[in-house]
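Listed here are the chains, written in short residue letters.
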Amino acid sequence: MMENGNEIESTDEERPPINPPRGRQYRPVGSHDRAVIQMASMEPGSTSDIPLSKIKVGSSADAQEVSSENHVSSQTESKLELFGFDSLVNILGLKSMTGEQVAAPSSPRDGEDVAITLGRRKVAAPKLGTMMGVFVPCLQNILGIIYYIRFSWIVGMGGIGQSLLLVAFCGSCTFLTSISLSAIATNGAMKGGGPYYLIGRALGPEVGVSIGLCFFLGNAVAGAMYVLGAVETFLDAVPAAGFFQESVTVVNNTLTNSSATTGTAMIATPSLHDLQVYGIIVTILLCFIVFGGVKIINRVAPAFLIPVLFSLFCIFIGIFVAPRHNAETGITGLRAATFRDNWSSDYQPTNNAGVPDPDGSIDWDFNALVGLFFPAVTGIMAGSNRSASLKDTQRSIPVGTLAATLTTTFMYLVSVLLFGALATREVLLTNRLLTATVAWPIPSVIYVGIILSTLGAALQSLTGAPRLLAAIANDDILPVLNYFKVSEGAEPHLATLFTAFICICCVVIGNLDLITPTITMFFLLCYSGVNLSCFLLDLLDAPSWRPRWKFHHWSMSLVGALLCIVIMFLISWAFTVVSLALASLIYYYVSIKGKAGDWGDGFKSAYFQLALRSLRSLGANQVHPKNWYPIPLILCRPWGKLPENVPCHPKLADFANFMKKKGRGMSIFLSILDGDYPSHAEDAKTMCHQLATYIEYKKCEGVAEIIVAPTMSDGFRGAVQTMGLGNLKPNIVVMRYPEIWRRENLTLIPSTFVSIINDCIIANKAVVIVKGLDEWPNEYQRQYGTIDLYWIVRDGGLMLLLSQLLLTKASFESCKIQVFCIAEEDTEAEELKSDVKKFLYDLRMQAEVFVVTMSGTQGQDDSIEAFSAAQHRIASYLTEMKETSKGGPLMADGKQVVVNEQQVDKFLYTMLKLNSTILRYSRMAAVVLVSLPPPPLNHPAYFYMEYMDLLVENVPRMLIVRGYRKDVVTLFT
């Protein structure tokens, strides 16, 4: 395989087969190999399959060494033979079969390849630590345009008191969200996608994709906001750089401290067209940096962050040294009087530029300030968005995110106090760049800091959003997103282009105050999802919920989620409704068009807990008729010819739906595989998967079960005893009538058929046998005529209930119910008819009642012919039994039987009369329901099949029903 150290790949003929149905497979590694141990789970649905056909070998000399030490290899390879291929040594690859010690691997990430090199380690892509991977991106996203050009204005409008409340309110929301994020992130290894990955795995793929796509849009729009902030600051600092004329706003009678100031103020703002042109150029330049990949971004990020930190340092130094000799009027320095004057709020109407104007179109209050300020605390997900690039997500995400959140919140709180004591309210409201004015030593440093801060935040948004979109696409939930899929370790170039397109579209809008509420809603929606995910997981406390981050409680997550929702409605109920509607539309679309992703989400755990609680509340007592639901156990494949790829008769699946009112109730589809369980276990799993898929295709609410047993009778006997839990055990056994048994000469069917019915009677299960299954209508075939019930014995009302359930379906809704009561004497007819009418009236059933006496029924020609043929076959069978017994006791079906020939004739005659009655009154009925006679004791199963064949003769569609010792209908409300 190898010469002169050059690696060559084995041919297809040399490769081992890679198509086993189940289990794990590993390429065997001998003691001689200097090999890279490669292994992969071959379980279905695995996302980390590794080709097992490549092994690196040192040289051809090693092959000679192998042949000379073959006996040593065979001895060492058999050390753990008892444990099979799933032994710890083979799974983890901690040592070779010779016992050579190798460094233990770190815990593999979900979806990553496990690879350990006996000689050299696998070359991995560069990973990021806590500082550069989480803290710096979060800090850059949080410290954006709002702080530099809006924060002092917010202090002036809301006052120190409400500004402190505002920062604490918004900061608490992001802090609690960070706690929830830390808890989920430390509950296991994370793949790419950040919050989307966490929410999707906790709340399910539908919720994860809907919130993930909204969060992606929020990040893309946030990039536009940061770009516009950087361009606006640049044009304010260098007005000559504009291509178009500045917009000049003339403000008359400016409000200052709630009093009108006579005079005219002229406020110059950059032209909208300049913002658009420069914004598009800057977005394109940032995209080139993002296209360079994580390495380039990590090199550029410090260049953006260091000037920002230096500018913040200059701002705080300037605040403490103010007022300087060249300071404008109104900058008082840190004065207690200024602090007192600015403590209370002073909400004033403003124009679109944010300048106080008594004729302004924008009215401000605390709710509006929340909408404006909240984007200044977002950005806590910037680190988790890069989860696929982090060395240790379980350490870096909690430490980096919480450190950035606490640092910025503390800075905001201190800044409120300092700005409130620094300048008068007029300066706070009219000087858009007060931070640059007070900065020391020169204002231009602040302009550079503002621009680089916003550009750094924009860079982080344009970096995180494409990776988020690629992670959603890679999960293969929505086929429409397949264009954005990327291979592991590759850069999401197409997703970056799409993000840039969205960003440019928002830049063209050019209105910063219009963009920020949109961002806020999408971010709050994501934060709510993170908090609800943690709340659900913590409340359920499943065994897999073991986060390393212990500083959390379910109440904190609940409060965080409620805070997010409150903030959404405080900002704008209209934007809240729009964002929730968008998320709901995506959720609905994913539910319909998306592929199923079984991630073990919290909702499934909640359903499990709810099911257990409901099962315990139901107990094992008798179910009241008002709460009774049919839980049919459906025998899928007996006594009929079906293609191998059809696991259940299609009409039997349709009938299962007919037995449910509005889809309520559960069905259990059972197939019995003849054979030995150890030999057929894998076949049973495959059949179960096929049956479950078919059930879903037929839109039946039910579960699939496959039982391996020596015979069908043995398999059903075990199933009828053990299937289900508590009161959720199946209560009706549904099967097809074996019409083919005589035509195909299947002599084993009668004994199996009788055995199943007897087991149902012993286990107190109701029985419904469908005759004429091939002619049973589907949901689109409308039936007319009547549904005729031949009510012979008390069955708890099951036959009546089945007829009512049939009427709820479109196929039978045009039919009417007729109830035929069988009386032995004419004297009983009127009294029986009156009683049955009263009973049906109390049951709220509309049906026409007939009383038929068996003595007055004339035999139909078809029935008499069938009766004679049955007599002849029974006589022949009895003769064979007598000849076989040779004077001893009669044996049939492996047991002793007693045959009373007069009783056999009586049974046959009874079936003749009943069949003649059915053919006389119900030959044109849509379906006939008749009571099922129990198999007589000590009669051969063959005789019982003759009785049943005579009963169903020439009736095209029939349900043979036997109730059980429980009422399923009630007269009372």
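See the structure printed just above.
Quick caveat, the model's predicted, so the values are computed rather than measured.

Definitions and limits used
Note that residues are indexed from 1 along each chain, following the sequence as it is written. Thresholds applied to this predicted model are a pLDDT of at least 70 for local features of residues and 80 or more for the giving and counting of side-chain atom pairs; totals over whole chains, interfaces and linings are not thresholded and use all residues. For the side-chain quantities, the full set of heavy atoms in the structure was used; hydrogens and water were omitted. Within this document, salt bridges are pairs made up of a side-chain nitrogen of Lys or Arg and a carboxyl oxygen of Asp or Glu, the two lying within 4 Å of each other. A run of H or I in DSSP counts as a helix once it spans at least four residues, and a run of E counts as a strand once it spans at least two, with each numbered from the N terminus. Whether a residue is buried, partly exposed or exposed follows from its accessible area with a 1.4 Å probe, protein chains only, as a fraction of its type maximum: under 20%, in between, or over 50%, in that order. Pairing between strands requires that DSSP locate at least two bridges from one strand to the other. Axis lines are fitted to C-alpha atoms, over the contacting stretch for helices. Their N-to-C directions set the angle, which ranges from 0 to 180 degrees. In this description, contact between two residues means that some pair of their heavy atoms is separated by no more than 4.5 Å. Each angle is binned into one of four classes, with values under 35 degrees roughly parallel, values over 145 roughly antiparallel, values of 65 to 115 roughly perpendicular, and all other values oblique. In this scheme the handedness of a crossing depends on how the near helix is turned from the far one: anticlockwise by less than a right angle means left-handed, clockwise means right-handed. Classification used: nonpolar for Ala, Val, Leu, Ile, Met, Phe, Trp, Tyr, Cys and Pro, charged for Asp, Glu, Lys and Arg, polar for all others including Gly. A pocket here means an open set of points on a 1 Å grid, computed over the protein atoms alone, that has protein on both sides within 12 Å along at least five of seven lines. A cavity is instead a set of points where a 1.4 Å probe fits but cannot get out; residues with an atom within 4 Å of a point line either one. Grid points are joined across faces, edges and corners, and a volume is the space filled by probe spheres set on the points. Centres within 6.5 Å make a pair out of two Phe, Tyr or Trp rings, where for Trp the six-membered ring is used; the pair is then stacked when the planes are under 30 degrees apart, edge-to-face when over 60, and tilted otherwise.

Engineer: Would you take a moment to explain the pattern of salt bridges for this structure?
Structural biologist: Where side chains of opposite charge bring their charged atoms close, a pairing between them can arise. Taken as a whole and assessed by the stated rule, the structure comprises eleven salt bridges. Between Arg467 and Glu491 there is a salt bridge whose closest N-O contact spans 2.5 Å. Separated by 24 residues along the polypeptide, Arg467 in helix 16 (residues 443–474) and Glu491 in the loop between helix 16 and helix 17 (493–509) bring together distant segments of the chain. Classification of Glu491 as partly exposed rests on a relative accessible area of 22%. Between Lys685 and Glu682 there is a salt bridge whose closest N-O contact spans 3.7 Å. You can see Lys685 and its partner Glu682 sitting in helix 23 (residues 677–697), three residues apart, about one turn around the helix. For Lys685, a relative accessible area of 45% translates into the label partly exposed. Judged by its relative accessible area of 32%, Glu682 falls in the partly exposed class.

Engineer: Is there a simple way to explain the sheet that holds strand 12 (residues 766–771) in this structure?
Structural biologist: Each strand in a sheet pairs with its neighbour through backbone hydrogen bonds, running either in the same direction (parallel) or in the opposite one (antiparallel). What the ten strands build is an open sheet, ordered 10-9-8-11-12-19-18-13-14-15; its pairing is mixed. For this open sheet the edge positions go to strand 10 (702–709) and strand 15 (848–853), each flanked by a neighbour on one side alone. In this sheet, adjacent strand axes meet at a mean angle of 20° when their direction is disregarded. As defined by bridge partners, strand 8 (residues 632–635) adjoins strand 9 (residues 667–674) across three bridges and the pair is classed as parallel. When the sheet's bridge partners are listed, Leu635 is paired in strand 9 with Leu670. Helix 23 rests against strand 9 and strand 10 of the sheet, and its axis sits at about 160° to strand 10. Along the sheet, helix 24 (residues 712–722) contacts strand 8, strand 9, strand 10 and strand 11 (732–736); its crossing angle with strand 9, the most-contacted strand, is approximately 145°.

Engineer: In this structure, what is going on with unusual backbone geometry? I would like to understand it.
Structural biologist: In this chain, Ala322 is followed by Pro323 through a cis amide linkage whose omega measures 0°. Structurally, Pro323 can be placed in the loop between helix 10 (294–321) and helix 11 (336–341). Trp440 connects to Pro441 through a cis peptide bond whose omega is 15°. Positioned with a positive phi, Asp476 is a non-glycine residue whose angle comes to about 60°. Checked against the element boundaries, Asp476 lands in the loop between helix 16 and helix 17. Taking the relative accessible area as the measure of exposure, Asp476 reaches 24% and is therefore partly exposed. In this model, Asn954 sits at a positive phi of 65°, which is unusual for a non-glycine residue. Turning to its location among the elements, Asn954 is positioned in the loop between helix 30 (941–952) and strand 19 (958–962). Using a relative accessible area of 36% as the deciding quantity, one classes Asn954 as partly exposed.

Engineer: Would you take a moment to explain the packing of helix 8 (residues 205–237) against helix 20 (residues 573–593) for this structure?
Structural biologist: Geometry of a packed helix pair, given as the angle between the helix axes and the separation of the axes. Packing of helix 8 against helix 20 brings their axes to within 8 Å, and their N-to-C directions diverge by 135°. Classified by the angle between their axes, helix 8 and helix 20 sit oblique to one another. In this structure, helix 8 meets helix 20 at a crossing whose hand is right-handed. In contact with Pro205, Glu206, Val207, Val209, Ser210, Leu213, Cys214 and Leu217 of helix 8, helix 20 contributes Leu582, Ala583, Ile586, Tyr587, Val590 and Ser591. Class assignment for the residues of the contact of helix 8 with helix 20 results in eleven nonpolar, two polar and one charged.

Engineer: What should I look at first to understand empty space enclosed by the protein in this one?
Structural biologist: In this approach, a probe sized like a water molecule rolls over the atoms, and the result shows the empty space that is left. Applying the stated criterion to the full structure yields five cavities of 30 Å³ or more. Each pocket or cavity is described by its volume, and for the second largest cavity that value is around 50 Å³. Going through the elements one at a time, helix 29 (901–922) and strand 18 (927–931) are the ones with two or more residues in the lining of the second largest cavity. Broken down by element, the residue count for the lining of the second largest cavity peaks at three residues, all from helix 29. Here the lining of the second largest cavity is built from residues that sort into eight nonpolar, two polar and two charged.

Engineer: Honestly, the pairing of strand 12 in this entry has me stumped. Any pointers?
Structural biologist: Working note: regular strand, side chains alternate between the two faces of the sheet. Across the six residues of strand 12, six count as buried, placing the element largely inside the fold. Burial of the side chains of strand 12 extends over both faces: Ala766, Val768 and Val770 are buried on one face and Val767, Ile769 and Lys771 on the other. Pairing geometry for strand 11 and strand 12, over five bridges, is parallel. By the bridge assignment for strand 12, Met735 is matched with Ile769. Both strand 12 and strand 19 contribute to a ladder of five bridges, which runs antiparallel. Bridge pairing in strand 19 places Val768 opposite Val961.

Engineer: Explanation requested: the packing of aromatic side chains in the structure shown.
Structural biologist: Geometry of an aromatic ring pair is reported as the spacing of the ring centres plus the angle between the planes. Inspection of the entire model under this criterion finds 33 aromatic pairs. With a centroid separation of 6.1 Å and an interplanar angle of 45°, the aromatic rings of Tyr694 and Tyr697 are classed as tilted. Highlighted residues: Tyr694 and Tyr697, both in helix 23, separated by three residues, approximately one helical turn. Relative accessible area serves as the criterion here: at 13%, Tyr694 is assigned to the buried category. Judged by relative accessible area, Tyr697 falls into the exposed class, the value being 62%. Clustering of aromatic rings is evident, with ring pairs tying together Tyr147, Tyr148, Phe151, Phe373, Tyr412 and Phe419.

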